[in-house]
Amino acid sequence: MYEEYVKELKLIEKTEEESNIELIKSIIKTKMDLDNANKNYEFAEGELIDYYLYQIKANQSKLNYLLRKAKKNGIIIDMIKQIEIRKEQYNSQIDVG
């Protein structure tokens, strides 16, 4: 009785450079999340201590994974590239917000 409609999506493959930039952005964001969790942990009270400990551990694991992946792909993150990517992320957050 009901017909099912399947929308076809055209998949666009990313270039190696686009994939590498996305990986670098993920590394930077995860590092920032880890730093924020560490700062929040310093001032946490009660049950929030466990919450921030969980966030710290999760972000450390994610960061280790991403760094291993970047190393495997031969990606080297220099400070200048890192600053450029942070500026792009900051500008895109301003445009969205």
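Just above, that's the structure.
Computed from a predicted model, the values in this text were never measured in an experiment.

Visitor: Before we go on, may I ask you to explain the overall build of the protein chain in this structure?
Guide: Counting secondary structure elements, the protein chain contains three helices and zero strands. Counting from the amino terminus, helix and strand elements in the protein chain follow one another as α-α-α. Taken across its 97 residues, the protein chain has 20% of its residues classed as buried. Pairs at least 24 apart in sequence give 72% of the contacts found in the protein chain among residues at least 6 apart.

Visitor: Just checking my understanding: could you explain the pattern of salt bridges for this structure?
Guide: Side-chain pairs of opposite charge can arise whenever the charged atoms involved come near each other. Under the defined criterion, the tally for this structure stands at two salt bridges. Across the pair Lys29 and Asp33 runs a salt bridge, and its minimum N-O distance is 2.9 Å. Placement of both Lys29 and Asp33 in helix α1 (residues 16–42) is noted, with a separation of four residues, approximately one turn of the helix. By relative accessible area, Lys29 is classed as partly exposed at 46%. Lys31 is the partner of Asp35 in a salt bridge, and the nearest nitrogen-oxygen pair spans 2.8 Å. Note that Asp35 and Lys31 are positioned in helix α1 at a spacing of four residues, about one turn of the helix. Lys31 gets classed as partly exposed once you look at its relative accessible area, which sits at 34%.

Calculation criteria
- The residue numbering used here restarts from 1 in each chain and proceeds along that chain's sequence as written.
- Reporting in this predicted model follows two pLDDT cut-offs: at least 70 for local features of residues, and 80 or more for side-chain atom pairs to be given and counted; totals over whole chains, interfaces and linings ignore these cut-offs and use all residues.
- Side-chain measures here rest on the full set of heavy atoms in the structure, leaving out hydrogens and waters.
- Put simply, DSSP H or I for four residues or longer makes a helix, DSSP E for two residues or longer makes a strand, and each gets a number counted from the N terminus.
- Burial classes: relative accessible area under 20% of the type maximum marks a residue as buried, over 50% as exposed, and values in between as partly exposed (1.4 Å probe, protein chains only).
- For this analysis, residues touch if any pair of their heavy atoms sits within 4.5 Å.
- The salt bridge definition used is simple: a Lys or Arg side-chain nitrogen within 4 Å of an Asp or Glu carboxyl oxygen.

These results come straight from atomic positions and should not be treated as a statement about function.
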